[in-house]
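# Chains, contacts and geometry: an overview
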Amino acid sequence: MTTPDAAPEVGRVEALNPFVVESPEKLQPQDIARLFVEAYTRIETIKQRKHTFIWGSRGSGKSMMLRYLEPKCQAIVHHGTAEFFRSKPPFLALYCPCKEGYFNKTEMNMLEPLTARILTEHMLNLYVAAKLADCLHSQFDSGFFDDASKKRFARTVLSLFDRASIASSVEEVNEYVSLEENSLVWLLKLFGVENKKINAYLRNNVLRKGELSYEGATSGYHDFLLPLMQAVRELPHMEGIPVYVMIDDANRLTRDQQTVVNTWISNRDQEHVCFKVAAEFSGYQTFRNNRELFSTLKPSDLDLAIEGGGWIEAPHDYSGVDVDELYTNSQSDYIAKVKGIANRRLEVANLPVKDIEQFLPPDAEEEARLEQIKKDTAEEWEQRGRPGRQKDYVYRYATARLFQWLRDKKKKSYAGFTNMVHLSSGVLRGFLEPCYLMYDEYVSGRESRHVESIPPDVQNKVLFRYSEEFILADIDKIRKELPPEAKSSLEALSTLLNSLGRLFYERLHDPDAREARLFSFTVRGQIPEDIQEVLRLGVRYRYFQLRTYSTKEGGGREKWYVLNRRLCPVFQLDPTGFEGRISLTPDHLKIACTNAEKFVRLRLKQSPESSQLDLFSLTEEE
Amino acid sequence: MYKVSVREGEQAVGIDSIISDRPDDLYLACASYEPRSTAVTDLLSSSYQAERAIVYMNEEILGSTCGGRVDAAAQKIAAALERRGGKVIEARGSWLDPQKQFEALQGAIIEQNLRGAEFVRSVSLDATTFNREALLVTLVLLRAHFKRAVIRILYVSPDDHGDWLSRGFRSVRSVIGFPGIQDPTLPTALIVLSGFEYDRVVRVANEYEPAKVFLGIGNPATSPNFLERNKEEQKLFLAQQDIESFEFPADSIQSCAVRLQELIEAHAPHYNLVLAPMSTKLSTVGAYLAAEQNPQVQITYCVPGEYNVDNYSTGTKDLYTEQISYGE
């Protein structure tokens, strides 16, 4: 419900705001094929015949990427279904979103453990099987698979169930559909009837205080899911083609259900079936390491629990793709990715300008001033005896000097494509949303929606508002959401953000600061539990991005909290790709959570410039 | 549906048993922090009798600052029923733990069903201050255990509500007994019976990410002021796309159920339906009846962070009485 516009119908995308953030589930294959840009998505890794976990925040583009792999989209991309299946690597991708209320039903928690395990796997199997039947039925032209093959397929699938257990369901389905005439729909109905039985059992069992036995059919991996996927290969054009089961929003599955999925993966049957599991990292509950430990590891390093007490490990059992990592690992790649997507949207919207950099121009006067400051800083480098490389010196000081020059004159402008990409902090939606708002603001009241660019003042207005919302309105929204026991942590978080914002502002605007562009912090020492909770809340609501760094002393990695760059306009900070960090003691952090003024005063007094700053780690040491 | 102002009710003879000259087999009420928690019990006639009674409470509320008020209400209800010859037991459930909530109610209903289900013909259920999830679960249990009973719903509306009713969000969950049946090939549609809790509606919608929302406005409401406030609270939500509004009678169980049945019939072929009753208790019972007839519909409950225990409602306005029968 975050979308500010209507679901585009087929061919209507061009009539809407080009930056509309729409749920991929509502988009038609034509729109997905037109809007999706492969570059820098790591889609090639996902296309490989390997089990894959795709970690990423909400709005990072995971669902769009998975839907793009569905047969109808790939047929558009490859100019024909048969052509796609002749391409390398061919696969049959089933999009299986885990919607709220599908699997995590309250009655499931009241089952006896063994029954719960059997039923949960059966439910998941039926869901995947229904998605497969639906995919074969609706994602292909009616003649793509001949009727005889479809009938054979349906009979094979039927034979995977215990004959006696499935008999009553078969009888029920036969009343409505004929296997002979409409095999795939017949299968869909069969899975539907079985699903109905499970839900009736769930309800009746709790009403009978757990005394009922489940008498319907059940299915496991080796006796149902794997042979089902193998049966697909018997269909025309499908020989040797693996099925990719793309489980989206797997964070919505219960812990037991996630364990079932992990166990499927442990079987290493990639020849026939690969699982592509997309989830928010924080919502996946089956990591071997506890939360405190795993937050210092990369997602790709993590082991996941399977049934019976074992583990699956990356890269041995699966590949890990962290969608959020792109900005951290390569800002230039992330900028290129956003540019590709934004340009595609301009093109689809049929706007006169197809280059997002032209569409979102920066403030020309400020750009000119920055160029001049860069020249001056380069000269200063000469005068100071050429410390280090000139490029590094200019990079380090020029932008800060611009902020210092602007202080007391005018507000810093954040207009311009590059600034906006940085402000998005690595999440695509964080770029598209303000674009949507500024486009909407600019075209409202104008006769034509075909504009050539958004003027910097309009961009700025929206960006400030968007930033202010994050620190004010969004905190209010969270306050309403949180249970009373968590409210003190939220107040502390709000104060902490103000403390850091004000400290970083002072440092950035101090002409004598050797390291002015601070934007993150680390904590040296044991953090008390109440402050840990504040930091967790900050990460959960994306005010901080949690990263790790190697300690200089060796011996592991430490947590590193980077502010969300969306906060830059409201605090007048520099968003452009620099993450100088301060090191805080738990005591300082506590003050920062309670009294912003005292914290800033204390830190500014305590941070003599000069020798204590490390040029290479960009860290201010205590 | 029978409606009478509480003041008139006090002046009249009072509430009598469902079948004249025969005590009700069971009386259920929920003791709560609201002043109207004991209003129905206060309106029982002097000749009213119930064989057995269950007083339900949420342990978190009991343990909170308003626990004393809840305890006093429970004692008052229990004393009133004991005076009328009933054997009263307390059921302590939880609004945070759905399993505990269910088992507390289930245990109490089974324990009170000593004579056997087939003899239970008349149950009076004071729905006034049950939280909606507990009310739905109670109805499911009554349906399961007393198939032949007439259930009389008693409800007292307040004079007014506080500035806010609940705040915060903990989770959404399907209500036990209403898992629904989801067709993987269909998108999800959310049917909301809305009240004054805008934030809770938004949260449910965010969690389910439905393709379509049918937002119900209670009209008639139990008070004309409530209708205006309901419309005002939901204005922002209605301004969003993919949301269609409809009206439902918030003051009548059967009429609400009929309205929901129409909606379900129209949309069940195209969507997996999730029903979120967030309006009056009468409409919540209406939602129960509609979902009971349509097992494919899931009922969802949004667990708030906290309730406005000090000022949830004030006064007592009207007494509503309506019977539902399972007809077996």
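On a predicted model such as this, the values are computed, not experimentally measured, just so you know.

This brings us to the confidence of the model for chain A. Residues and elements named next belong to chain A. On average, residues of chain A score 87 in pLDDT, and 91% of them are at 70 or above. When the criterion is pLDDT under 50, residues 1–14 qualifies, and its contacts beyond four places in sequence or with other chains add up to 45 contacts. Predicted confidence is poor over residues 608–622, with pLDDT under 50, and the contacts of this stretch with residues over four places away or in other chains come to 40 contacts.

So, on to the packing of helix 23 (residues 529–540) of chain A against helix 25 (residues 586–594) of chain A. All names here are of chain A. Remark: helix 23 packs on helix 25, axes separated minimally by 11 Å, with the N-to-C direction vectors making an angle of 60°. Between helix 23 and helix 25, the crossing angle belongs to the class labelled oblique. Taken as a pair, helix 23 and helix 25 cross one another with a handedness that is left-handed. Contact residues: D530, I531, V534 and L535 in helix 23; L589, K590 and C593 in helix 25. Grouping the amino acids of the contact of helix 23 with helix 25 by side-chain chemistry returns five nonpolar, no polar and two charged.

Moving on to the environment of Y68 of chain A. Residues and elements named next belong to chain A. When you line up the elements, Y68 lands in helix 3 (residues 62–68). In sequence terms Y68 and A93 are 25 residues apart; their C-alpha atoms lie 9.4 Å from each other. Residues within four places of Y68 in sequence aside, it is in contact with I32, A33, F36, E38, I43, C73, Q74 and V77.

Before going further, it helps to spend a moment on the sheet that holds strand 3 (residues 243–248) of chain A. All names here are of chain A. If you walk across this open sheet you meet the five strands as 2-3-4-1-7, and the pairing is parallel. Among the strands making up the open sheet, the edge pair consists of strand 2 (92–97) and strand 7 (319–322). Going across the sheet, the axis of each strand differs from the next one's by a mean of 15°, ignoring polarity. Pairing of strand 2 with strand 3 involves six bridges; the strand directions are parallel. Looking across to strand 3, one finds that A93 is bridged to Y244. Along the sheet, helix 10 (residues 221–232) contacts strand 2, strand 3 and strand 4 (273–279); its crossing angle with strand 4, the most-contacted strand, is approximately 105°. Contacts from helix 11 (residues 255–266) reach strand 1 (52–55), strand 3 and strand 4, with the element oriented near 145° to strand 4.

Cut-offs used in this document
- Residues numbered from 1 in each chain as written.
- Chains lettered and ligands numbered in written order.
- Predicted model: local features only at pLDDT ≥ 70, side-chain atom pairs only at ≥ 80, totals over all residues.
- Heavy atoms only, no water.
- pLDDT = per-residue confidence, 0-100.
- Contact = heavy atoms within 4.5 Å.
- Axes fitted to C-alpha atoms, helices over the stretch in contact; angles between N-to-C directions.
- Helix = DSSP H or I, 4+ residues; strand = E, 2+ residues; numbered from the N terminus.
- Parallel < 35°, antiparallel > 145°, perpendicular 65-115°, else oblique.
- Left-handed = near helix turned anticlockwise from the far one by under 90°.
- Nonpolar A, V, L, I, M, F, W, Y, C, P; charged D, E, K, R; others polar.
- Pairing = 2+ DSSP bridges.

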